[in-house]
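Below are the chains, spelled out letter by letter.
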Amino acid sequence: MKSAVETLNPTRVRLTVEVPFEELKDSLDAAYKKINQQVTVKGFRKGKIPARVIDQRFGRGAVLEEAVNDALPRFYTDAVNEAELNPLGQPEVDITELKDGETLNFTAEVDVRPTIEIPDYSGIEVEVDAVEVTDEDVEKAVEQLRERFASTSPVERAAEDGDVVTIDLEAKVDGEVLEDGIANGVSYTIGSGELLDGIDDAVKGLEAGGEATFTSELKGGSAAGREAEVTVKVTEVAARELPELDDDFAQLASEFDTLEELKADSRTRLENMKQYDQATQAQERVLDKLLELVEVPVPEKLLEDEINTRKHNLEHHQLAQMGLTLDKYLELQGKTAEEFETETREAAIKGIKTQFVLDELVNKEKLNVNQEELTEHLMRRAASSGMSPDQFAQAVVQQNQVPLLVGEVARGKALAVVVEAATVKDTNGEIVDLDDEDEDEATEAETAEASAEGEGEDKAEA
């Protein structure tokens, strides 16, 4: 077999392959054997029909077609390996010549990973938010904890902001009560915004036994997104009572003996959260700077596939779970369809470029992923997916996604190398020293997204 490579553009090549006919022998034998098992010829036992009889009865062309279809993937793979290409997706194959007993010639056009030169990234500098926790931040955190330990007691008065009311709901669309439009005994805190728009105004001022009707757009159910006439009846009004902020509360709500210890712990927790946010911000900004330094051509077909995948996942998975259409989502976001298209395209381009660059860094820095790192990453991904580690691991294996997880970890390590070499300062001008744990976690948060964005590419390579 002889092959040659023609570069059509930085991300696409054409392979020209010439195969001597004798190299088709194994596939021809397999073709005759397959046809033998599928057809019946009077006078011959099944599977024992001579090749010349198959040629006479069914045509040599049918045998050649079967043989070529069997052999092409093998010859294509050999040509790709010989040329040391990194193909993306499936090739477009065209048989240019097939002469029985002489030769098989074909071409294959395919997208390939572009050649990327990683420049010196040690000079990257980024600025991130300073880690500052104010007394007001601590007071707010303690107040939120206090809210969780609030108690309620029924009152015989009209409902007010902050009260917890027990209500019955009935929703009508076009005058008809919806099958799933009745709910009884619903507990609702006035002002929480957790139910329908307009319900706060409807129930405020009502005592137990009172009812009101209002119009609201349904957020879920069979008539999600439609205007409905909603009747709400209050069956109980209860006042919320907050515990006193003292040492007794600290002992009730935490493992601490005093309120001051609880506040100190809250401050520490807030500082840790802000440090994590700072590390994530550093990862994102270093990555953006790195991408600015590297010229990365993006295969157009890969880009279009990625855009379509993003749209499909958003519309048929994320929005469907929320009972929203794409049009309604754009309306809530205050975006036009054109703005959505532009943002989706830009995000897809960034995702693909990120994967290309980090994969090249993995090769350049000779980074490997060990079993412990893979296990830790799997545990994190399982937790974020709401699955147990065993369930997640089983799903990963069944879907042949282990290489995808390995790629995510490797890219995370690659980005960590760049961050370590970069200069990170906060808004106060202080050098930020990202410890390993925060850096790893923030890296995985960033690269997990980038890997998801490039998932179509991983599947194509597999």
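All values derive from a computational prediction rather than experimental measurement. (Residues numbered from 1 in each chain as written. Predicted model: local features only at pLDDT ≥ 70, side-chain atom pairs only at ≥ 80, totals over all residues. Heavy atoms only, no water.)

Scanning all chains against the criterion turns up one aromatic pair. Ring geometry for Phe149 and Phe249: centres 6.1 Å apart, planes at 90 degrees, overall edge-to-face. Linking Phe149 in the loop between helix H4 (135-148) and strand E6 (151-154) with Phe249 in helix H6 (residues 247-253), this pair joins segments that are 100 residues apart in sequence. The partly exposed category is assigned to Phe149, whose relative accessible area is 29%. The ring of Phe75 has Arg74 lying over it, and the distance from NZ or CZ to the ring centre is 4.9 Å. (Phe/Tyr/Trp six-rings, centres within 6.5 Å; stacked < 30°, edge-to-face > 60°. Helix = DSSP H or I, 4+ residues; strand = E, 2+ residues; numbered from the N terminus. Buried < 20%, exposed > 50% of the residue type's maximum accessible area, 1.4 Å probe, protein only. Lys NZ or Arg CZ within 6 Å of the ring centre and 35° of its normal.)

Our next topic: the environment of Thr344. Within the element layout of this structure, Thr344 appears in helix H10 (residues 337-364). The class of Thr344 is buried, set by a relative accessible area of 9%. Counting along the chain gives 34 residues from Thr344 to Arg310, while the straight-line C-alpha distance between them is 7.5 Å. From its side chain, Thr344 meets the backbone oxygen of Phe340 in a polar contact 2.8 Å long. (Polar contact = N/O pair within 3.5 Å; in protein donor to acceptor, adjacent residues only side chain to side chain.)

When two helices pack together, their arrangement is captured by the angle between the axes and the distance separating the axes. For the pair helix H11 (residues 371-385) and helix H13 (residues 402-421), the least separation of the axes is 10 Å and the interaxial angle reads 105 degrees. Judged by the inter-axis angle, H11 sits roughly perpendicular to H13. Across the interface between the two elements, Glu373, Leu374, His377, Leu378 and Arg381 of H11 pack against Leu405, Val406, Glu408, Val409 and Lys413 of H13. Split by residue class, the contact of H11 with H13 holds five nonpolar, one polar and four charged. (Axes fitted to C-alpha atoms, helices over the stretch in contact; angles between N-to-C directions. Parallel < 35°, antiparallel > 145°, perpendicular 65-115°, else oblique. Contact = heavy atoms within 4.5 Å. Nonpolar A, V, L, I, M, F, W, Y, C, P; charged D, E, K, R; others polar.)

Taken in spatial order, the four strands of this open sheet run E1-E2-E4-E3, and their pairing is antiparallel. With one partner strand each, in any of the chains shown, strand E1 (2-9) and strand E3 (87-99) form the two edges of the open sheet. Adjacent strand axes in the sheet meet at a mean angle of 20 degrees, parallel and antiparallel pairs treated alike. In this structure, strand E2 (residues 12-20) lies alongside strand E4 (residues 103-112), joined through nine bridges in antiparallel fashion. (Pairing = 2+ DSSP bridges.)

Okay, a negative patch on the surface next. A surface patch of negative charge is lined by Asp247, Asp248, Asp257, Glu260 and Glu261. Mapped by element, the contributors of at least two residues to the negative patch are H6 and helix H7 (259-293). By secondary structure assignment, the location of Asp247 is in helix H6. Its relative accessible area of 36% is what places Asp247 among the partly exposed residues. (Patch = residues over 30% accessible without salt bridge, like charges linked within 9 Å, V, L, I, M, F, W, Y side chains within 5 Å. Areas by Shrake-Rupley, 256 points an atom, 1.4 Å probe, with all protein chains shown as cover. Salt bridge = Lys/Arg side-chain N within 4 Å of Asp/Glu carboxyl O. Lys, Arg positive; Asp, Glu negative; His and termini not counted. Charge placed at Lys NZ, Arg CZ, Asp CG, Glu CD.)

Further remarks concern the UniProt feature "domain: PPIase FKBP-type" (unreviewed entry) in the chain. Mapped onto the present numbering, the UniProt feature "domain: PPIase FKBP-type" (unreviewed entry) falls at residues 162-215. End-to-end, the C-alpha atoms of residues 162-215 are 22 Å apart, and along that stretch the chain is 9% helix and 54% strand. (UniProt positions renumbered as here; feature names shortened; annotations may be inferred.)

The next subject is the confidence of the model for the chain. Caution is warranted with low-pLDDT regions, since their predicted coordinates should not be read in detail. On average, the chain scores 89 in pLDDT, and the residues at 70 or more come to 94%. Low pLDDT, under 50, characterises residues 436-462; the predicted model gives this stretch 63 contacts beyond four residues in sequence or across chains. (pLDDT = per-residue confidence, 0-100.)

Moving on, we come to the nonpolar core. One finds Ile124, Leu290 and Leu361 to be the most contacted residues of the largest nonpolar core, which totals 36 residues. Listing elements by their share of this core, those giving two or more residues are strand E5 (125-128), H7, helix H8 (300-322), H10 and H13. Looking at this core, the element that brings in the most residues is H10, giving seven residues. Not counting residues within four places of it along the chain, the set of residues in contact with Leu290 comprises Tyr121, Ile124, Val357, Leu358, Leu361 and Val418. Of all hydrophobic cores here, the second largest spans 31 residues; its members include Ile35, Ile49, Leu104 and Phe106. (Core = buried A, V, L, I, M, F, W, Y, C linked by side-chain atoms within 4.5 Å.)

With that out of the way, let us pick up the side chain of Asp163. Locating Asp163 in the fold gives a position in the loop between E6 and strand E7 (164-173). With relative accessibility at 4%, the residue Asp163 sits in the buried group. Excluding residues that lie within four positions of it along the chain, Asp163 makes contacts with Arg157, Ala158, Tyr188, Thr189, Ile190, Val237, Ala238 and Ala239.

Here we take up H8. In a regular helix each residue adds 1.5 Å, so 23 residues correspond to 33 Å; H8 covers 32 Å between its end C-alpha atoms and thus fits that length. Residues of H8 that are buried: Leu302, Leu303, Glu306, Ile307, Arg310, Leu314 and Leu319. The positive-phi residue at the C-terminal boundary of H8 is Gly323, with phi of around 70 degrees. (Expected span 1.5 Å × (residues − 1).)

Moving on, we get to unusual backbone geometry. Leaving glycine aside, a negative phi is the common case for residues, and trans is the common case for peptide bonds. A positive phi is found at Asp174, a non-glycine position, where the angle reads about 55 degrees. Within the secondary structure, Asp174 sits in the loop between E7 and strand E8 (176-189). For Asn400, which is not glycine, the phi dihedral falls at a positive 55 degrees. Here Asn400 shows up in the loop between helix H12 (389-398) and H13. For Asn400, a relative accessible area of 61% gives the class exposed.

Helix length check: H4 (14 residues) gives 20 Å between terminal C-alpha atoms against 20 Å at 1.5 Å per residue, within 8%. Burial in H4 covers these residues: Val138, Val142, Leu145 and Arg146. Looking down the long axis of H4, one finds its buried residues gathered within 105 degrees of arc, a one-sided arrangement. Residues of H4 that are exposed and angled more than 90 degrees away from the buried face: Glu136, Lys140 and Arg148. Of the surrounding elements, those touching the buried residues of H4 are H6 and H7. (Arc of directions from axis to C-beta.)

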